[in-house]
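Structure assessment
The lines below spell out each chain.
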Amino acid sequence: MRLFSIIAPLCAATMMFAAGGSFLSKNAPLYAEVSESSALGELIIASEVKELSQKGSFSEVEFVGFVPEGSNVVYEKAGMLIIGFEASNPSVLNVLGKKTDEYGSVWINVSVKGFVKTDALSSDKSKVLGIGKALFQAKCSTCHALHAEDEFDVNVWPSILEAMGQQAGLSKAERFSIEKYLQNYTK
Ligand code: HEC
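To keep things clear, this report deals only with the structure shown in the data block.

Reading the values: rules and limits
Residues numbered from 1 in each chain as written. Predicted model: local features only at pLDDT ≥ 70, side-chain atom pairs only at ≥ 80, totals over all residues. Helix = DSSP H or I, 4+ residues; strand = E, 2+ residues; numbered from the N terminus. Buried ≥ 20, exposed ≤ 12 C-beta atoms within 10 Å, placed from the backbone. Contact = placed C-beta atoms within 7 Å. Core = buried A, V, L, I, M, F, W, Y, C linked by C-beta atoms within 7 Å. Domains from an automatic or database assignment. Near = placed C-beta within 6 Å. Nonpolar A, V, L, I, M, F, W, Y, C, P; charged D, E, K, R; others polar. Pairing = 2+ DSSP bridges. Expected span 1.5 Å × (residues − 1). Axes fitted to C-alpha atoms, helices over the stretch in contact; angles between N-to-C directions. Parallel < 35°, antiparallel > 145°, perpendicular 65-115°, else oblique. Left-handed = near helix turned anticlockwise from the far one by under 90°.

**Examining the overall build of the chain**
The number of helices and strands found in the chain is four helices and ten strands. Ordered by position in the sequence, the α and β elements of the chain form the string α-β-β-β-β-β-β-β-β-β-β-α-α-α. Counting across all 187 residues of the chain, residues that qualify as buried make up 31%. In the chain, of all internal contacts separated by at least 6 residues, the share reaching a separation of at least 24 is 59%.

**Here we look at the nonpolar core**
Counting 41 residues, the largest nonpolar core has Leu24, Leu43, Val74, Val112 and Val116 as the members making the most contacts within it. Counting residues per element, this core draws most heavily on strand 9 (residues 106-117), which supplies six residues. Built from parts of two domains, this core gets at least three residues from each of domain 1 (17-122) and domain 2 (125-183).

**A few points about the site of the ligand**
Near the ligand there are 14 residues, and of these Cys140, Cys143, Met164, Gln167 and Ala168 occur at the shortest range. Sort the elements by how many residues they give to the shell around the ligand and helix 3 (residues 157-167) lands first, with five residues. The residue inventory of the shell around the ligand, partitioned by class, reads eight nonpolar, five polar and one charged.

**Side note on the pairing of strand 3 (residues 39-43)**
Bridge count between strand 2 (residues 28-31) and strand 3: four bridges; the pairing is antiparallel. Each residue of the ladder has a partner; that of Pro29, found in strand 3, is Glu42. Relative to strand 7 (residues 80-87), strand 3 runs antiparallel, the two sharing three bridges. By the bridge assignment, Gly41 is partnered in strand 7 with Ala87.

**Some points on the environment of Leu52**
By the secondary structure assignment, Leu52 is in strand 4 (residues 48-55). Classification of Leu52 as partly exposed rests on a count of 15 C-beta atoms within 10 Å. When the C-alpha atoms of Leu52 and Lys113 are compared, they prove to be 9.3 Å apart, with 61 residues separating the residues in sequence.

**Some details on helix 4 (residues 172-183)**
The end-to-end C-alpha distance of helix 4 is 16 Å, a good match for the 16 Å that twelve residues give at a rise of 1.5 Å each. Among the residues of helix 4, Glu174, Arg175, Phe176, Ser177, Ile178, Glu179, Lys180, Tyr181, Leu182 and Gln183 are the ones counted as buried. On its buried face, helix 4 sits against strand 7, helix 2 (125-139) and helix 3.

**Describing the packing of helix 3 against helix 4**
Closest axis-to-axis distance for the helix 3/helix 4 pair is 10 Å, and the angle between their directions is 150°. Classified by the interaxial angle, the pair formed by helix 3 and helix 4 is roughly antiparallel. Viewed along their axes, helix 3 and helix 4 form a crossing whose handedness is right-handed. Across the interface between the two elements, Trp157, Pro158, Leu161 and Gly165 of helix 3 pack against Arg175, Ile178, Glu179, Leu182 and Gln183 of helix 4. For the contact of helix 3 with helix 4, the class distribution of residues is five nonpolar, two polar and two charged.

**As for the environment of Phe66**
Inspection of the secondary structure assignment puts Phe66 in strand 5 (residues 58-68). Residues Phe66 and Lys98, spaced 32 residues apart in sequence, show a C-alpha to C-alpha distance of 8.7 Å. Other than its neighbours up to four places away in sequence, Phe66 contacts Val74, Tyr75, Lys77, Ala78, Lys99, Trp107, Ile108 and Asn109.

What is shown is where atoms sit, not what they do.
Here is the structure:
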């Protein structure tokens, strides 16, 4: 088979389902089937997924990330605590390989496939991060002046948000919305 005849249909499929990439516009359950019954876990706002197909009001998606050995929290990259997916059980994760980071910690490269409500996806990552920006400005300047977005490292913000989320009485959705905004911040 000539290369073109393989590539052309692939491109067409990609364009149909994922023009410009798909990002979670909110935390949303990832289901095993096209129904809201059994959740494999929860995809976290602003994480990127690959859209594979469309079934009614659901999209079949794949998320690929890295999980510390023995954990069920999948991060977007090895060595960076940017949360992407919380698995209900580590057994829902397909192991692709292993990677050791610069500190000697082992990260397992995993993928998970399932169905998410299509209305929880957006092609516009900056719009999604804008939700977190607005929340950050509204919720994080009532007791003290607003801290700068670049004051702390990507891996430091989660513990600050854990403490300040309690101070500010944030919901889980609000907490991760702000956390992902701060971790994605670039000047
Ligand atoms: C109810 C009051 C309150 C709210 C709301 C609040 N904070 Fe704080 N924040 C504090 C207090 C008190 C301290 C200092 C003591 C401490 O570190 O716990 C602090 C300290 C901090 C620090 C400094 C930590 C350090 O180690 O230098 C950062 C950064 C911070 N807050 C970020 C935030 C963010 C982000 C939000 C929004 C999610 C937020 N705060 C909302 C009360 C609040």
